[in-house]
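Secondary and tertiary structure notes
Given next are the chains, with one letter for each unit.
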Amino acid sequence: IETADRIHTHQGASGALQKSIMASHASLLTATLTRNRHALRPIIQYQLYTSRAHPQPKPTFAVQEALGFVLEGTAERRTKRELRWERNREKREKKGLKDDGPYRNQDETIEIAVNLNLDPRKPNQSLRGSFPLPHGTGKTPNVIAFVSSDKAAEEALKAGAVRAGGQDLVDEIASGTLAVSSFDRTVASKAVLPKISKIARVLGPRGLMPNPKLGTVSDEDDGIVELIEDQLAGSVPYRTDKDGIIHAGIGKASFDAGKILDNVRAFMNGLQEVKPENFGKGKKKGGGGKKGGGKGGSNAKYYLSAHLTSTMGKGYKLDLRSVDPTSAYFMGELPE
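None of these values were measured; they are calculated from a predicted model.

**Let's talk about the side chain of S235**
- Locating S235 in the fold gives a position in strand 7 (residues 235–239).
- With residues near it in sequence (within four places) discarded, S235 still touches F131, P132, L133, T137, R185 and D230.

Right under this line is the structure:
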């Protein structure tokens, strides 16, 4: 810093004099670093400056490569948690804490986030529903069934529902006897929908209200069993947020990489099937604005970006060619 200040004070000098000054200060700096190299080594760092006006583009990865990085990170964190548990065993014993069994490590969820060229405020651009995954999500949900007959309730319980009933079940939820946190999904027949409206304010904000768009409402009680089986088989719900982004858990870190890729393929194919005819953010050409006509033309992109991450890991930006079902490189190797 001192050298730079001295050079700055001699800016009015001739070129030869400036070179002489710079050479003398450079030799002095070299000699100082040589004498104190052991002391200065820990604090000498090189940092590249990136202007906010000209940011460096983020690298993109094929979905297979990104998944490898994500699973590698989950394995490292899993090992660190196990080592920390063993390292703190003596501390727990000193505090009188007894281990009730082997260490139950966290099985992180593998998540995908897809930014779609959608504006949920516009008609038919708010996507919501569920997709069945070939290998499930790795989590078995607790499902309750609203039915209109005792026979249908018995069949629902045999199919795997944790609770089933009609008006009595609605009253338990309304009074707080049955906690909303005790179940994750709900299915119902059309006959009991008017009764469920009593607890719509309880179920709705938590996303638990039966909805035909989510495939959780059947025309008759006979279809309840099939709905329960679909929910337990591993269907993943999806919904666009206010920015047109869809988040979904497509597996667990304990899954084989091939199973997760199969789930990604099924999920992206599902998004392609529900692609609206008119889509687009803002007023860009072909993007659904007043000036663009509102029909996603050849210039309009349906997929804007996609990222793959885990519960406690960093996210990796995906090359859209590897996750776009309309691409020739969908779920395959990218050209060099």
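That shown, we press on.
**A word on the environment of D221**
- Within the secondary structure layout, D221 lies in the loop between strand 6 (217–218) and helix 10 (224–233).
- Sequence-distant contacts of D221, defined by excluding residues within four places in its chain, comprise V147, S148, S149, A152 and S189.
- A distance of 2.5 Å separates a polar atom in the side chain of D221 from a polar atom in the side chain of S148.

**So, the sheet that holds strand 6**
- Reading across the sheet, the 4 strands line up as 4-3-5-6 and stay open at both edges, with parallel pairing between neighbours. Of all strands in the sheet, those bounded by a partner on one side alone are strand 4 (163–165) and strand 6.
- Relative to strand 5 (residues 185–189), strand 3 (residues 143–146) runs parallel, the two being bridged by 4 bridges. Its bridge partner being in strand 5, F146 is matched across the sheet by A188.
- Seen against the sheet, helix 6 (residues 150–159) touches strand 3 and strand 4 and runs at an angle of roughly 165° to strand 4.
- Seen against the sheet, helix 7 (residues 167–175) touches strand 3 and strand 4 and runs at an angle of roughly 125° to strand 3.

**Overview of the packing of helix 6 against helix 10**
- One way to put it is that helix 6 packs onto helix 10 with a least axis distance of 9 Å and a crossing angle of 20°. Comparing their axes, helix 10 and helix 6 come out roughly parallel. As helix 6 packs across helix 10, the resulting crossing turns out to be right-handed. Here helix 6 contributes E155, A156 and A159 to the contact with helix 10, which in turn contributes I224, V225, I228 and L232.
- Considered class by class, the residues forming the contact of helix 6 with helix 10 number 6 nonpolar, no polar and 1 charged.

**A closer look at the nonpolar core**
- Formed by 37 residues in total, the largest nonpolar core has its most connected members in I112, V114, I250, F267, M268 and L308.
- Every element with two or more residues in this core is listed here: helix 4 (63–87), strand 1 (109–116), strand 7, strand 8 (245–252), helix 11 (257–273) and strand 9 (303–310).
- In terms of residue count, the dominant contributor to this core is helix 11 (6 residues).
- With 14 residues, the next largest nonpolar core counts A188, V192, I199 and L208 among its residues.

**A few points about unusual backbone geometry**
- In this structure, N124 takes a positive phi of about 65° despite not being glycine.
- Tracing the backbone shows N124 in the loop between strand 1 and strand 2 (128–132).
- Relative accessible area serves as the criterion here: at 69%, N124 is assigned to the exposed category.
- You will see that M331, though not glycine, has its phi angle at about 55°, which is positive.
- One can find M331 in the segment after strand 10 (316–317).

How each quantity is defined
- Counting from 1, residues in each chain are numbered in the order their sequence is written.
- Reporting of local features is limited, given that this is a predicted model, to residues whose pLDDT is at least 70; pairs of side-chain atoms are given and counted only at 80 or more, and all residues count toward the totals for whole chains, interfaces and linings.
- Excluding hydrogens and water, the side-chain values take into account all heavy atoms of the structure.
- In this description a helix means any DSSP run of H or I spanning at least four residues, a strand means any run of E spanning at least two, and both kinds are numbered starting from the N terminus.
- We call two residues in contact when some of their heavy atoms are within 4.5 Å.
- In protein, a polar contact means a hydrogen-donor-capable atom and an acceptor-capable atom, both N or O and within 3.5 Å, with residues adjacent in sequence counting only if both atoms are side-chain atoms; elsewhere, any N or O pair within 3.5 Å suffices.
- Strands qualify as paired when DSSP identifies two bridges or more between them.
- Fitted lines through C-alpha atoms give the axes, limited to the stretch in contact for helices. The angle between two N-to-C directions lies from 0 to 180 degrees.
- In what follows, roughly perpendicular refers to angles from 65 to 115 degrees, roughly parallel to angles under 35, roughly antiparallel to angles over 145, and oblique to any angle outside these ranges.
- For a crossing to be left-handed, the near helix must be turned anticlockwise from the far one by less than a right angle; the clockwise case is right-handed.
- We call Asp, Glu, Lys and Arg charged. Ala, Val, Leu, Ile, Met, Phe, Trp, Tyr, Cys and Pro are nonpolar, and the rest, Gly among them, are polar.
- Nonpolar cores were defined as sets of buried Ala, Val, Leu, Ile, Met, Phe, Trp, Tyr and Cys residues, with membership established by side-chain atoms within 4.5 Å.
- Each residue gets one of three labels from its accessible area relative to the maximum for its type: buried under 20%, exposed over 50%, partly exposed in between, using a 1.4 Å probe on protein chains only.

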